[in-house]
Amino acid sequence: MELKENVEKLLQEAFEENNSLFLIDLIVTPDSQIRVVIDGDKGVSVEDCINVSRKVEHNLDREEEDFSLEVTSAGATEPLQIPRQYKKNIGRKLQVKTENEKFEGNLIEATEDSIKLQWKAREPKPVGKGKVTVEKEAVLEYSAIVEAKVMITF
């Protein structure tokens, strides 16, 4: 069996043992460098990375193939990539870029196909001078999203 297939199988087992974790990215280079990026519904601890790393490393035979293994969590500044990441960030403020527009708003809904953002904007009053604050909403299909990041505020 190929190295990548072995790693995928072992990762699946690790995620069955801790079903709050999930795979974001798996890269296996031709020179057997394995890079695994994981995320979790409740975040990812160092212990989670260690457990996933051990699951993979202890079940691969170094006699068969020499490899290097790196297991990391999706960083706070990394773009969101899969629907499960959006779902875990409901209630947080996102910056979302599409081909033609940029949105900043609170993520209020995430389905299998799209997200819904909500924000307040100042717009001119329909009658008279001045501005009024209005609630805005946008539903964006995942396929239309070029990049989405959680905005970290202090």
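Everything numeric in this text was worked out from a predicted model, so none of it was measured.

A. Expanded view of the sheet that holds strand 1 (residues 21-28). Read across the sheet, 3 strands follow the order 1-2-3 without closing on themselves; strand pairing throughout is mixed. The open sheet has two edge strands with one neighbour each: strand 1 and strand 3 (68-73). Strand-to-strand twist across the sheet, computed as the mean angle between neighbouring axes with direction ignored, equals 20°. Sheet topology note: the strand 1/strand 2 (residues 33-40) ladder contains 7 bridges and is antiparallel. Following the sheet pairing, Leu26 is matched in strand 2 by Val36.

B. Region of interest: the sheet that holds strand 6 (residues 114-124). With respect to topology, 5 strands assemble into an open sheet ordered 7-6-5-4-8, the strand pairing being antiparallel. Each edge of the open sheet is held by one strand with a lone partner, namely strand 7 (131-141) and strand 8 (145-150). Along the sheet, successive strands turn relative to each other by an average axial angle of 35°, direction set aside. Of the pairings in the sheet, the one linking strand 4 (residues 93-98) to strand 8 comprises 5 bridges and is antiparallel in character. Bridge pairing in strand 8 places Leu94 opposite Val150.

C. Molecular detail of the packing of helix 1 (residues 3-17) against helix 2 (residues 46-57). Between helix 1 and helix 2, the shortest axis-to-axis distance is 9 Å and the interhelical angle comes to 140°. The angle between helix 1 and helix 2 falls in the class oblique. Considering the relative orientation of helix 1 and helix 2, their crossing is right-handed. In this structure, helix 1 contributes Val7, Leu10, Leu11, Glu13, Ala14, Phe15 and Glu17 to the contact, and helix 2 contributes Val52, Lys55 and Val56.

D. Looking closely at a negative patch on the surface. A grouping of Glu2, Glu5, Glu8, Asp61, Glu63, Glu64 and Glu65 is seen on the molecular surface, where their side chains present a negatively charged patch. Tracing the chain through its elements places Glu64 in the loop between helix 2 and strand 3. Judged by relative accessible area, Glu64 falls into the exposed class, the value being 69%.

E. Summary view of the pattern of salt bridges. Counted according to the given criterion, the structure contains 13 salt bridges. A salt bridge links Lys55 to Glu17, with the nearest nitrogen and oxygen atoms 2.9 Å apart. Of this pair, Lys55 sits in helix 2 while Glu17 is found in helix 1, placing the two residues 38 residues apart along the sequence. According to the relative accessible area criterion, Lys55 is buried, its value standing at 18%. Its salt-bridge partner being Arg62, residue Asp66 comes within 3.6 Å of it at the nearest N-O pair. A relative accessible area of 60% places Asp66 in the exposed class. With a relative accessible area of 40%, Arg62 lands in the partly exposed category.

Calculation rules
- Residues numbered from 1 in each chain as written.
- Predicted model: local features only at pLDDT ≥ 70, side-chain atom pairs only at ≥ 80, totals over all residues.
- Heavy atoms only, no water.
- Pairing = 2+ DSSP bridges.
- Helix = DSSP H or I, 4+ residues; strand = E, 2+ residues; numbered from the N terminus.
- Axes fitted to C-alpha atoms, helices over the stretch in contact; angles between N-to-C directions.
- Parallel < 35°, antiparallel > 145°, perpendicular 65-115°, else oblique.
- Left-handed = near helix turned anticlockwise from the far one by under 90°.
- Contact = heavy atoms within 4.5 Å.
- Patch = residues over 30% accessible without salt bridge, like charges linked within 9 Å, V, L, I, M, F, W, Y side chains within 5 Å.
- Areas by Shrake-Rupley, 256 points an atom, 1.4 Å probe, with all protein chains shown as cover.
- Salt bridge = Lys/Arg side-chain N within 4 Å of Asp/Glu carboxyl O.
- Lys, Arg positive; Asp, Glu negative; His and termini not counted.
- Charge placed at Lys NZ, Arg CZ, Asp CG, Glu CD.
- Buried < 20%, exposed > 50% of the residue type's maximum accessible area, 1.4 Å probe, protein only.

Function-wise, these values are silent; they only describe arrangement.
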